[in-house]
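Analysis of the macromolecular model
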Amino acid sequence: MYETTYIRASTLAQAQQLLHDHPEGQLLAGGQTLVSIMKLRLTRPSHVIDIGHLSELDGISVEGSHLILGAGTRHADVATNEQVRGRIPGLAQLAQVIGDPAVRHMGTIGGSIANNDPAADYPAAVLGLRATVHTSHRAIAADDFFTGLFETALQPGEIITRVAFPIPRRSGYAKFPQPASRFALVGVFVAELMDGSVRVAVTGAGSHVFRASGIETALQSSFSVAAAEQVTVSAEDLNSDIHASPEYRAHLIPVFAGRAVAAALQSASG
Amino acid sequence: MGHEKLGHEGIGARIARKEDRRFITGQGNYTDDIHVKHATYAVFVRSPHAHARIKRIDTARAVAAPGVIGVLTGAELAQDKVGALICGWMVKSTDGSPMKMAPYPPLANEVVRFVGNPLAVVVAETRNQARDAAELVDIDYEVLPAVADAAKAQADDAPQIHAEAPKNTIYQWSLGDKAAMEGAFPRAAHIVDFDLVNNRLVPNAIEPRSATAVYDSAEGHFTLYTTSQNPHLTRLVLSAFVGIAPEHKLRVVAPDVGGGFGSKIFIYPEETVCLWAARRLGVPVRWTADRTESFLSDAHGRDHVTHAEMAFDADHKIVGLRVKTIANLGAYMSTFSSSIPTYLYATLLSGQYDIPAIYAEVDAVYTNTTPVDAYRGAGRPEATYVLERLMEIAARRFGLDPAELRRRNFIRKFPHQTPVIMNYDTGNYEATLDAALEAAHYAQFQQRRDEAKTRGKLRGIGLSCYIEACGLAPSQAAGSIGAGVGLWESAEVRVNPAGTIEILTGCHSHGQGHETTFAQLVAERFGLSIDQVSVVHGDTDKVQFGMGTYGSRSGAVGMSAVSKALDRVAAKAKRIAAHLMEAAESDVELKDGEFSVVGTDKKIAFANVALAAYTAHNLPGGMEPGLKEGAFYDPLNFTFPAGAYVCEVEVDPKSGEVEIIQFTAADDFGVLVNPMIVEGQVHGGIAQGIGQAMLEGCVYDADGQLVTASYIDYTMPRASDLVSFTVSTTQTPCTTNPLGIKGCGEAGAIGSPPAVINAIADALGVELLDMPATPQRVWKAMHSRALPAAAE
């Protein structure tokens, strides 16, 4: 990696100040993307500002109708936390299939959604559950947060502090891992919210996470595997790589929506 | 560890590996662990283009960068008259013309021919400084058109890669009796023909290649610590062909090596350049590949495009086989590249079958890709894949049980001379097939298929009956077909005065467990504990000469050499023992670490005989002191391990996902030295074979860029991709070496790919399916035909 200056921030306020002082600096949380691309010399931050340990970004709690995850919460903690497993089993399922154990013990939700990798898992839950992303400056609705390939609504200097997930009636996640990287080739998060609305968010298939409205409509009338599988998804604008053509991805979306529904039905009945 | 009965450590003992203690506790000593004083670090500047002319290299900015000791290019290399790398096996075209080998300069001088082709090296005080400076080397390229696909390399409009090889064709070779084959086909009742691709693989040893080169200017002597499967061969080539230093001025040490699979046999540019740079710059030079460099620069494996036709008579007996293969050798000819798609491939095309006429034609081509050479199995997996796909497809077309078609064609009388050079000494193919089918519950498959259908899954089963040729080969025969080296092995047995033993071998252990198995041979012969034996290998200063380890040769050839040397030690020790016990030599036997006089209670410990040999106070008249013997063993023939593999899969027709439900292997490796190590080899080989069949595919785009240049896109097998394999062995001992060993290192990788593909094809009811059978490929194959109805 290129030489850089590492600074361990002791408070969120200090981290913000450091970001302001070093516009070429980058935040380091779990480092599961940043460190890898630094090692490949694909990025060259002047400063690395470590916020991975800040207690202000830590913690899992239930506040009324919402489950709150601090931005620094590790995937492994989400996967195993009893409150998450009890209130939003689909979210725990998703966290359990991110990367491998090493990744899950280092990577954070804030880091994942700020990076907005088109094949990351977390954006599917954030969008599928209609979560709200809280930052050092404001609150951003999930529908407005993910704006493009590796792009979000975050402004320079803005730091994600926590993500608030509405506790749904039921939810599930199903992922077809890309065989080599185990990122989502197609990942589908299905949620039926307390107001009865159904949301289906798809990651891995497009430039960034998106909602599959056809499947939402089908599930709104019948929350069943068969309803999800019957939907035909257009291959237009879907990703193409050596692992999957747009047509194959389009084919997989309803199949994995069906599996996500099955998971939601199973965890709701269990 | 206390061994109650020493006999339990001999041949056939299932004992834990001695070397595992250091490996498992992180105390292995690998090349990158070796620290020399004042070491500097090399970083290579590599071509980002598949094919380009180098118009200009400006090193000025790099030379001026912090910590930089030197920046060297192909021009300096040529100045110092460092020679080109060579391919050491001369293969001639059918018309008698020699293969068209173009020079392989360690640093490209005028033209770069593959992405990753090194063209300069930066040596600096730290690795990071060298990397920083490497980015400052300024190169003007004139990008040229490139070709990566073997099937397109011979086209009239394909870019010409080397002037020496028109139409990028290195040789057009053939083997077998063309007239006999042509006579067989018109009389055939059935002809089954098929096109297939054997996918290119990246070897992916856990330990990347590494070199530490030291030059002693006072003595004019070089030392190279490196990741090699055969340090003596490295020294020979670097000395005699590349001209780095005469052999007595070049020591090559291959310490612990973390996996090779063939990729560490070869003599590569980077290690060569480190040696030269160490002298030219006057500093020790270290280099360890990063993973991207490993993908780009380790010799790849396989990459064949084949058309095959098999002719059968009315009883479904094979009467003829015709094979036409184009083999991709990459941008330069690597050390043994020419032999892989010829003498290690077409010679195995008879498989386990009695085939009266075979004719194979192989064109080897240059492409703008990483050089291709031996990778676990090397030629034999490609041959097995051709045959076993054909057999399965033929059986299905005939409506015959694939096992029955194979039985009808098995060779049953030995020795058996095939039409393609090989003479099989022994085997029992019916026995391995029976064992595999029984263990796999083959007869009950239909019930399992029906049950799977109720769950909406498509279940399939596939067979593969492979043969391989190991322990290559009588040196004289190898020489007559172009090998540049002999293929014997050497051994030395040194008995120390207090009775412990050192075995020196020219083989090299990089995962095979020689420190245990070679010691087991001593335990078998002398009744000593394996703890009293150490195995010395991998250092040209310690072992006089040897050919290294590849081609599953160490047991069959290396241990046979040790066996010969042990015979000589035993004979001398027995003479001393007889003399000390005042008995006739013919009455003395060696057992459980003791010499005894048969029928008496007279005995003397092996250690005391050893001591007597060194004190030399009381030796038989005229005997020299000491107890040390050496031997060279030249095999009489290849060995022919064989086996039958059965793979059972379930396909999810909705997603194209394939799950291996069961994998059963029955192998005949002849005598087993350590069944646990053998099983480990089979498990590893099958994992690699499943990797090739379902996961691993090296992909170049049309411009010659390596798309699968990291683990983000290149799928290595993981534990979760595999099942617990069911493995067993049958035994027909090899008749041509003293130990009856056939070899087991490659079998799993050779036998398993066709079994997997046959199983998936069976599940889908299709013939066409290429490796790796990824979910996308499976899904596409399903949609290329009417779907078998899977019940919901």
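The coordinates are above.
The structure contained in this document is the topic of the report that follows. (Residues numbered from 1 in each chain as written. Chains lettered and ligands numbered in written order. Predicted model: local features only at pLDDT ≥ 70, side-chain atom pairs only at ≥ 80, totals over all residues.)

Digging into the sheet that holds strand 23 (residues 594-597) of chain B
Residues and elements named next belong to chain B. The sheet built from three strands is open, its strands ordered 22-23-24 with antiparallel pairing. At either end of the open sheet lies a strand with only one pairing partner, and these are strand 22 (588-591) and strand 24 (603-605). Each strand axis lies, on average, 20° off the axis of its neighbour in the sheet, ignoring direction. Summarising the sheet, strand 23 and strand 24 pair through three bridges and their orientation is antiparallel. Bridge pairing in strand 24 links Phe 595 to Ile 604. Along the sheet face, helix 17 (residues 606-615) touches strand 23 and strand 24 and points at about 75° away from the line of strand 24. (Pairing = 2+ DSSP bridges. Helix = DSSP H or I, 4+ residues; strand = E, 2+ residues; numbered from the N terminus. Axes fitted to C-alpha atoms, helices over the stretch in contact; angles between N-to-C directions. Contact = placed C-beta atoms within 7 Å.)

Some details on the pairing of strand 26 (residues 642-651) of chain B
Residues and elements named next belong to chain B. Of all the ten residues making up strand 26, ten are buried; the element is thus mostly covered by neighbouring parts of the structure. Burial of strand 26 is two-sided: the residues Ala 642, Ala 644, Val 646, Glu 648 and Glu 650 facing one way and the residues Gly 643, Tyr 645, Cys 647, Val 649 and Val 651 facing the other way are all buried. Looking at chain direction, strand 18 (residues 458-467) and strand 26 are connected through ten bridges and run antiparallel. Across the sheet, Ser 464 pairs through a bridge with Tyr 645, a residue of strand 26. When strand 26 meets strand 27 (residues 658-668), the two strands line up antiparallel, connected through ten bridges. Along strand 27, the bridge assignment pairs Tyr 645 with Ala 665. Where strand 26 hands over to strand 27, the hairpin turn is made up of six residues, of which Gly 656 adopts a positive phi near 85°. (Buried ≥ 20, exposed ≤ 12 C-beta atoms within 10 Å, placed from the backbone.)

Here we look at the interface of chain B and chain A
At the junction of the two partners, chain B supplies 13 residues and chain A supplies eleven residues. Partitioned by chemical class, the residues of the side of chain B that touches chain A number seven nonpolar, four polar and two charged. (Nonpolar A, V, L, I, M, F, W, Y, C, P; charged D, E, K, R; others polar.)

What about unusual backbone geometry?
Residue and element names in this part refer to chain B. With an omega of -5°, the peptide bond running from Phe 414 to Pro 415 counts as cis. Position of Pro 415 relative to the elements: it lies in the loop between helix 11 (402-409) and strand 16 (416-417). With omega at -10°, the peptide bond leading from Met 771 into Pro 772 counts as cis. Along the chain, Pro 772 falls in the loop between helix 19 (747-764) and helix 20 (775-783).

So yeah, pure geometry; function would need other evidence.
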